[in-house]
Amino acid sequence: MLAGFRWVDGHADVWALLAEGRGPAAVVRGLTASWADAGTTHVVGLEARGFAVGGPAAVVLGAGFVPVRKGLLPGRSLATTSAEDHRGVRHELHVQAVPGPGDPVLLVDDWAERGSQAEATAELVRRQGAELLGLALVVDELPDAVRAALLQEPAASVRRWGAGGSFFSGGCAGWPGGRRP
Ligand SMILES: O=P(O)(O)OC[C@H]1O[C@H](OP(=O)(O)OP(=O)(O)O)[C@H](O)[C@@H]1O
């Protein structure tokens, strides 16, 4: 089951996983299971795959969904420019000012490689006074230094999809086609 995941030209192709009949439910269940009691008020999702997994994750967690767009949003928004991502591109990220001071916010995305977009998003969350609970990722390749910078709140953590975090971290153990070429 869930055999669709592949690395394509160095990119984690989570779209193929989501296109399988049982894919979206399995992915979203895996992303949210360990956050069920975390009190998340808002899920922040990064355009574009973060919308596909973050929206359903917000439904499951009973939280609001806050999009981070690589472009303008209507109304009052905050913006920042990310460091270079895995393609060497710096993105101008925009988020609506929805979470309030102290709100526990979970960042949900399919994949973090350099972590530059996650770091920029974390900065936007904290600029609003909200608290970053952590990151829920399908594929976690965060460099250690970025991981440490992301996890400033004492209880914050990065949790990967899959029991025991064994699936898509580094070697992607157990997944045919899941090993990074
Ligand atoms: O860790 P980083 O190197 O900063 O990159 C991680 C981001 O890259 C991917 O999105 P991508 O920009 O490829 O866009 P997409 O979701 O629109 O396909 C992924 O969905 C993350 O959001």
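Because the structure is a prediction, the values reported are computed rather than measured.

Asks: Any details on the nonpolar core? Residues and values, ideally.
Replies: One broad trend across soluble globular proteins is that nonpolar side chains are buried collectively. In this structure, Val44, Leu135, Leu142 and Leu150 are the most contacted members of the largest nonpolar core, which totals 23 residues. Core analysis: the second largest hydrophobic core is formed by 22 residues, Val14, Val43, Val53 and Leu61 among them.

Asks: I'd like a rundown of the sheet that holds strand β4 (residues 64-69), residues and numbers included.
Replies: Pairing is mixed in the open sheet, where seven strands are placed in the order β5-β6-β4-β3-β7-β8-β9. Strands with a single pairing partner mark the edges of an open sheet, and in this sheet they are β5 (77-81) and β9 (157-160). Averaged over all neighbouring strand pairs, the angle between strand axes comes to 25°, with direction disregarded. Relative to strand β8 (residues 131-140), strand β7 (residues 104-112) runs parallel, the two being bridged by eight bridges. When the sheet's bridge partners are listed, Trp111 is paired in β8 with Val139.

Asks: So what's going on with the site of the ligand? Residues and values would help.
Replies: Looking at the ligand, there are 16 residues lining it, with Arg87, Asp109, Asp110, Glu113 and Gly115 nearest. Contact distances for the ligand include 2.9 Å between an oxygen atom and a side-chain N or O atom of Arg49. Within the complex, 91% of the 500 Å² of free accessible area of the ligand lies under protein. Contributions of two or more residues to the shell around the ligand are made by β7 and α4 (116-127). If one sorts the elements of the shell around the ligand by residue count, β7 sits on top with four residues. Partitioned by chemical class, the residues of the shell around the ligand number three nonpolar, four polar and nine charged.

The rules we used
Residues numbered from 1 in each chain as written. Predicted model: local features only at pLDDT ≥ 70, side-chain atom pairs only at ≥ 80, totals over all residues. Heavy atoms only, no water. Core = buried A, V, L, I, M, F, W, Y, C linked by side-chain atoms within 4.5 Å. Buried < 20%, exposed > 50% of the residue type's maximum accessible area, 1.4 Å probe, protein only. Pairing = 2+ DSSP bridges. Helix = DSSP H or I, 4+ residues; strand = E, 2+ residues; numbered from the N terminus. Axes fitted to C-alpha atoms, helices over the stretch in contact; angles between N-to-C directions. Near = heavy atom within 4 Å. Polar contact = N/O pair within 3.5 Å; in protein donor to acceptor, adjacent residues only side chain to side chain. Areas by Shrake-Rupley, 256 points an atom, 1.4 Å probe, with all protein chains shown as cover. Nonpolar A, V, L, I, M, F, W, Y, C, P; charged D, E, K, R; others polar.

By themselves, these observations are geometric and do not establish any function.
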